[in-house]
Amino acid sequence: MKYVIGNWKSNKTSHEVAQWIQDFSLQKNENVRVVIAPATIHLTQFSSEKRDEIFLASQDVSHLPMGSYTGAVSARQLGDLGVKYALVGHSERRRYFAETHAQVADKIAHLVEEGITPVLCVDVEYVDAQADLISPEHYKKIIVAYEPLAAIGSGKSQDVGEVKSVLNSIRLIFGENTAVLYGGSVTEFNVREYALICDGVLVGGASLDAGHFSRIVKSVIA
Ligand code: PGA
């Protein structure tokens, strides 16, 4: 089974979310798992309007438990909304919100406790340092998304050969049973090459348009 995860980042109004849900067309297929990570404020809207075939993800989670932490959204609250996956350690979180490897490891621990699957985003430079802080017991409970910084939002996806060798080294760290994805300028035109060498893709910009994203999913199924 392959994952196709759409990360909408800080995009879309609630009206646009409703429109996307209406426009997205997909036949349920057991070979692919479609996951959408809308902005946190749209999780409830998505969970009430979404079709059965789309799983819900959050783009982040608090590194702290539920409690007096103004502005934070805890793993328990996400689980309560029906969220099944959560991105953690996206490079934009690390860069613009100064997220640390230790915080990312704490997020994973909270998510695992709530039965939510963490999708850990990493680049080669820090994958070892990040893995060192995560409990090895959690390795098989996470999905790892390899996202080379230069490929994110640049329109320049990484060469498939290079991706392949990094994915192999990631599998050596986390184990053969851990699902590993590729992310970075994935489109309907290149998705198949990546889907063939890994367990799926994490899609940013190209997931915002329902038609484009439907075609990405169809290419993965084909
Ligand atoms: P992109 O983003 O597909 O727009 O490059 C990927 C990501 O940031 O997860």
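Residues numbered from 1 in each chain as written. Predicted model: local features only at pLDDT ≥ 70, side-chain atom pairs only at ≥ 80, totals over all residues. Heavy atoms only, no water.

A.B. asks: Got a sec to walk through the overall build of the protein? Specific residues and values, please.
C.D. replies: When its secondary structure is counted, the protein shows 9 helices and 8 strands. The globule rule puts the C-alpha radius of gyration for 222 residues at 17 Å, and the 16 Å found for the protein is close to it. Seen through its principal axes, the protein has C-alpha atoms that stretch 45 × 40 × 30 Å. Evaluated residue by residue, the protein yields a buried proportion of 50% over its 222 residues. A separation of at least 24 residues holds for 72% of the contacts in the protein among residues at least 6 apart in sequence. Of the roughly 10,500 Å² of accessible surface on the protein, 49% is carried by carbon and sulfur atoms. Averaging the coordinates of the 21 positive side-chain charges in the protein and doing the same for the 26 negative ones gives two points 4 Å apart. (Helix = DSSP H or I, 4+ residues; strand = E, 2+ residues; numbered from the N terminus. Rg over C-alpha atoms; globule rule 2.2 N^0.38 Å. Buried < 20%, exposed > 50% of the residue type's maximum accessible area, 1.4 Å probe, protein only. Contact = heavy atoms within 4.5 Å. Areas by Shrake-Rupley, 256 points an atom, 1.4 Å probe, with all protein chains shown as cover. Lys, Arg positive; Asp, Glu negative; His and termini not counted. Charge placed at Lys NZ, Arg CZ, Asp CG, Glu CD.)

A.B. asks: Got a sec to walk through helix H1 (residues 14–23)? Specific residues and values, please.
C.D. replies: What H1 keeps buried is the set Val17, Trp20 and Ile21. Down the axis of H1, the sector holding all buried residues measures 100°, keeping them to one side. Seen from the open side of H1, the exposed residues pointing more than 90 degrees away from its buried face are His15 and Gln22. Where H1 is buried, its residues contact strand S2 (32–37), helix H2 (43–49), strand S3 (54–58) and helix H9 (210–221). (Arc of directions from axis to C-beta.)

A.B. asks: Lay out the layout of surface pockets in plain terms, naming residues and giving numbers.
C.D. replies: Within this model, the largest pocket holds a volume of roughly 370 Å³. In this structure, the largest pocket is lined by 13 residues; those nearest its centre are Lys9, Ser10, Gln59, Arg93 and Phe97. Considered class by class, the residues forming the lining of the largest pocket number 4 nonpolar, 5 polar and 4 charged. In this structure, the second largest pocket occupies an estimated 240 Å³ of space. Asp60, Val61, Ser62, Ala72 and Arg93 are, among the 14 residues lining the second largest pocket, the residues nearest its centre. Tallied by class, the residues present in the lining of the second largest pocket amount to 5 nonpolar, 5 polar and 4 charged. (1 Å grid on protein atoms, 1.4 Å probe; cavity = no way out; pocket = protein on both sides within 12 Å on 5 of 7 lines; lining within 4 Å. Points joined across faces, edges and corners; volume = space filled by probe spheres on them. Nonpolar A, V, L, I, M, F, W, Y, C, P; charged D, E, K, R; others polar.)

A.B. asks: Quick rundown of the site of the ligand? Include the residues and the values.
C.D. replies: Near the ligand you find 13 residues, and of these Lys9, His90, Glu147, Gly153 and Ser185 are the closest. A distance of 2.6 Å is found between an oxygen atom of the ligand and a backbone nitrogen or oxygen belonging to glycine 153. At a separation of 2.8 Å, an oxygen atom of the ligand approaches a polar backbone atom of glycine 204. When isolated, the ligand has an accessible area of 280 Å², and the protein chains bury 95% of it. Split by residue class, the shell around the ligand holds 4 nonpolar, 7 polar and 2 charged. (Near = heavy atom within 4 Å. Polar contact = N/O pair within 3.5 Å; in protein donor to acceptor, adjacent residues only side chain to side chain.)

A.B. asks: How would you sum up H9? Please name residues and give values.
C.D. replies: The terminal C-alpha atoms of H9, which comprises 12 residues, lie 17 Å apart, in line with the 16 Å expected from a rise of 1.5 Å per residue. Within H9, the full set of buried residues consists of Ala210, His212, Phe213, Ser214, Ile216, Val217, Ser219 and Val220. Where H9 is buried, its residues contact strand S1 (2–7), H1, S2, helix H8 (191–197) and strand S8 (200–203). (Expected span 1.5 Å × (residues − 1).)

A.B. asks: Describe the environment of alanine 18, naming the residues involved and giving the relevant values.
C.D. replies: On the secondary structure map, alanine 18 appears in helix H1. For alanine 18 and histidine 42, which are 24 residues apart along the polypeptide, the C-alpha to C-alpha distance reads 9.8 Å.

A.B. asks: I'd like a description of the sheet that holds strand S4 (residues 85–88), backed by residues and values.
C.D. replies: Strands sit in the order S1-S2-S3-S4-S5-S6-S7-S8 around a closed barrel of 8 strands; the barrel is parallel. Averaged over all neighbouring strand pairs, the angle between strand axes comes to 25°, with direction disregarded. (Pairing = 2+ DSSP bridges. Axes fitted to C-alpha atoms, helices over the stretch in contact; angles between N-to-C directions.)

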